[in-house]
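The primary structure of each chain is shown beneath.
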Amino acid sequence: MVQRYDDYGDIAVDPVTGLYRLGANGPSLSTAIAAAGATKRRIALLHIDLDMFRSINTNMGEDVGDQALAAAAQRLRKAMPRDGWLWRLGSDEFVMGIGYRTGEPDGAALAELLRDAFETPLSIPPYTLPMTLSIGIAIFPDHAENAAALLAKAEEALRQVKQEGLNSIGLYTATPERPAGNEGFAERFVEALDNSELKLFYQPLINAHDGGLCGFSALLRWDTEGHGLLRPSRFLETVERVGLSARLGIWVAEAAMAQVARWRAQGLDYLSISVHLSGALLAQPDCLDRIGEMLHGFDLPGSALEFEVSESVLAMDAHQVYDTLVGLRGLGSTLTLQDFGLGGLSFAALAQYPLDRLKVDRSFIRNVASDPRSAAIVRGIIAMGHQLGMKVTAKGVESEAELGFLRRSHCDFFQGYLFSQPLPPEDMGELVRKRFLLPGAFAATRPERTLLLLDDEENVLRSLVRLFRRDGYNILTANSVSEAFDLLASNSAQVIVSDQRMADMSGTEFLARVRDLYPDTVRMVLSGYTDLATITEAINHGAIYRFLTKPWNDDELREHIQAAFRTWERRAAGEAVY
């Protein structure tokens, strides 16, 4: 029996490989290889395993497992490049392919994109399910010249990868490397430093004032021959254990300074780079002198560098760390507390150290557009940072809804995939030339009177838009609650009109959440469904300002909306409104 994923339609099976094709228009692997051979392109085939997926079925039931599998498939499809292909092999195994030429994103780059997509846990109410991927990669024609053999090599690469543990990526090798012990690792890592295997990738930092590119965050990668491009989570713990984190920190700082110096030689003196400083490096008595000497050697001012420290480092309460941070700030560098809120730092320590910025972790940001508690936490962090004289950077901004909310909450800087994935230096030229990466999202002017209409019936929305257009409002329309939350995060709406009976949430429930997120809005229900108890409770608790009924009288409805805007304006002016 052919399994069905409603998001993609029927899944057709490939008789050669046994792969189930996701999407009616996707090619079979054999067809993709034939096309690649004709155009002299390579194909990277990724065998993807959802780590520990079977435990979801065992502990939470097959129904939750099926939902998690469908959500994972959807996330893979969303993260896949437009010209990629996705197949399903087993219940928790997928296969993805991409054609490329030399210099284009390859299998390792695609694997990193997929792992980035799963940094956010899956939401299967009432569960939040963290999930990681293990990925084996095989290349046509390097490893095999036909579909069945290439798939077998990708499966073998996955088996090799899983010997190292979960959340791993590896390229097929005929003789897989064995994980080294700490002593062997130390020697191998020193070789990697000497042989330029360590790389810095860069992700843009965006100024909230005008949306302009103001710098980059440096992200470390290890380009290994057998296991692809490794993230710090794969090796930093071992680096610290063998006592090499201070040496690595100096290497990162020097590589970042060299990049800034190259930009300044091109006249790009407005760009800075942020780098992480480990506790081991900060605790060394000569840390400040060494960084100062490097700045002098590259002829850079201290302001060209932003140094990020973790909460765990500040929690050490070490005098040497404090003195080094004071000295770095004296050089003119910016000091940032990274991933604020995750390390248990006391507020006393936060006030004690000479910090310039707080960086809010992605885990706090992902639900700000729709969850009042998440929104309150982020607003509180931003407000606290400002009260302490610090700027606030939001890390992991992935949607315009999140960006809109953060802008309205007066966050100062943004970093995330909405603007760009981390890039190697050779691929940053276009970003630097553009400088303003999302000008539309940062448009400075918006009409003063914005009306949001929410109704899951398209004909009702069209009628309301025609009715209110004559009054000159900026009109936003949404067919679902989730779409409405996204619009509210990105736009400053003063008046909201919602239907009551919708599939995902009632109008009064939606407006109650809006009250917590955007208390200044004037909220109204327009519905043909009347539940007096629910409506009375919503009015008494301040969730809605007025309840209006369908069908409506055009003139009366227009008057109600005009009165709602007048109410908002009186509130904004500080007048008492009853």
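Preceding this section is the structure that the text describes.
I will try to describe carefully the structure that is included in this document. Counting of residues starts from 1 at the beginning of each chain's written sequence and follows it residue by residue. In keeping with the predicted nature of the model, local features appear solely for residues at pLDDT of at least 70, side-chain atom pairs appear and are counted solely at 80 or more, and the whole-chain, interface and lining totals rest on all residues. Hydrogens and waters are ignored; side-chain quantities use all the structure's heavy atoms.

## Some details on the sheet that holds strand S24 (residues 546-549)
At least two DSSP bridges between two strands are needed for those strands to be called paired. Here a strand is any run of E in DSSP of at least two residues, a helix any run of H or I of at least four, and the numbering for each starts at the N terminus. The strand order across the open sheet formed by five strands is S21-S20-S22-S23-S24, and the pairing between neighbours is parallel. Strands with a single pairing partner mark the edges of an open sheet, and in this sheet they are strand S21 (474-478) and S24. Pairs of neighbouring strands in the sheet enclose a mean axial angle of 20°, with direction left out of account. Taken together, the four bridges between strand S20 (residues 450-454) and strand S22 (residues 495-498) define a ladder with parallel strand orientation. Considered in S22, the bridge of Leu454 is made with Ser498. Across the sheet, helix H19 (residues 481-490) is in contact with S20, S21 and S22; its angle to S21 comes to roughly 145°. The axes are straight lines fitted to the C-alpha atoms, using for helices just the contacting stretch, and the angles between their N-to-C directions are given from 0 to 180°. We call two residues in contact whenever any of their non-hydrogen atoms come within 4.5 Å of each other.

## A word on a negative patch on the surface
Patch membership needs two things, relative accessible area over 30% and no salt bridge, and members are linked within 9 Å if like-charged or within 5 Å if nonpolar (Val, Leu, Ile, Met, Phe, Trp, Tyr). To be clear on the numbers: accessible area is Shrake-Rupley with a 1.4 Å probe, and residue cover counts the displayed protein chains and nothing else. Note on definitions: salt bridges are taken to be side-chain nitrogens of Lys or Arg within 4 Å of carboxyl oxygens of Asp or Glu. The charge count includes Lys and Arg as positive and Asp and Glu as negative, but it does not include His or the ends of the chains. For the purpose of locating charges, the reference atoms are NZ of Lys, CZ of Arg, CG of Asp and CD of Glu. A surface patch of negative charge is lined by Asp554, Asp555, Glu556 and Glu559. Relative to the assigned elements, Asp555 resides in helix H22 (residues 554-572). Residue exposure (1.4 Å probe, protein chains only): buried if accessible area is under 20% of the type maximum, exposed if over 50%, otherwise partly exposed. The class of Asp555 is partly exposed, set by a relative accessible area of 49%.

## A few points about the pairing of strand S23 (residues 522-527)
The buried fraction of S23 amounts to six of the six residues, a majority that puts the element mostly inside the structure. In S23, alternate side chains face the same way, and those of Val522, Met524 and Leu526 on one face and Arg523, Val525 and Ser527 on the other are all buried. Judged from the four bridges that link them, S22 and S23 form a sheet pairing that is parallel. For Val497, the partnering residue across the bridge sits in S23 and is Met524. Summarising the sheet, S23 and S24 pair through four bridges and their orientation is parallel. Within the sheet, the bridge partner assigned to Val525 lies in S24 and is Phe547. For a crossover, the right-handed case is the one in which the path from the first strand over the helix to the second runs clockwise, viewed with the strands pointing away from the viewer. For the crossover from S23 across helix H21 (residues 532-540) to S24, the handedness is right-handed.

## Remarks on unusual backbone geometry
Here the amide bond leading from Phe140 into Pro141 is cis, since omega sits at 5°, within 30 degrees of zero. Topologically, Pro141 is positioned in the loop between strand S9 (133-140) and helix H5 (147-162). Between Lys550 and the following residue, Pro551, the backbone shows a cis peptide bond with an omega angle of -15°. Along the polypeptide, Pro551 turns up in the loop between S24 and H22. Residues other than glycine seldom take positive phi values, yet Ser196 does so here, at roughly 60°. Inspection of the secondary structure puts Ser196 in the loop between helix H6 (182-194) and strand S11 (198-207). Using a relative accessible area of 48% as the deciding quantity, one classes Ser196 as partly exposed. In this model, His410 sits at a positive phi of 70°, which is unusual for a non-glycine residue. One can find His410 in the loop between helix H16 (400-408) and strand S19 (413-415). Relative accessible area serves as the criterion here: at 56%, His410 is assigned to the exposed category.

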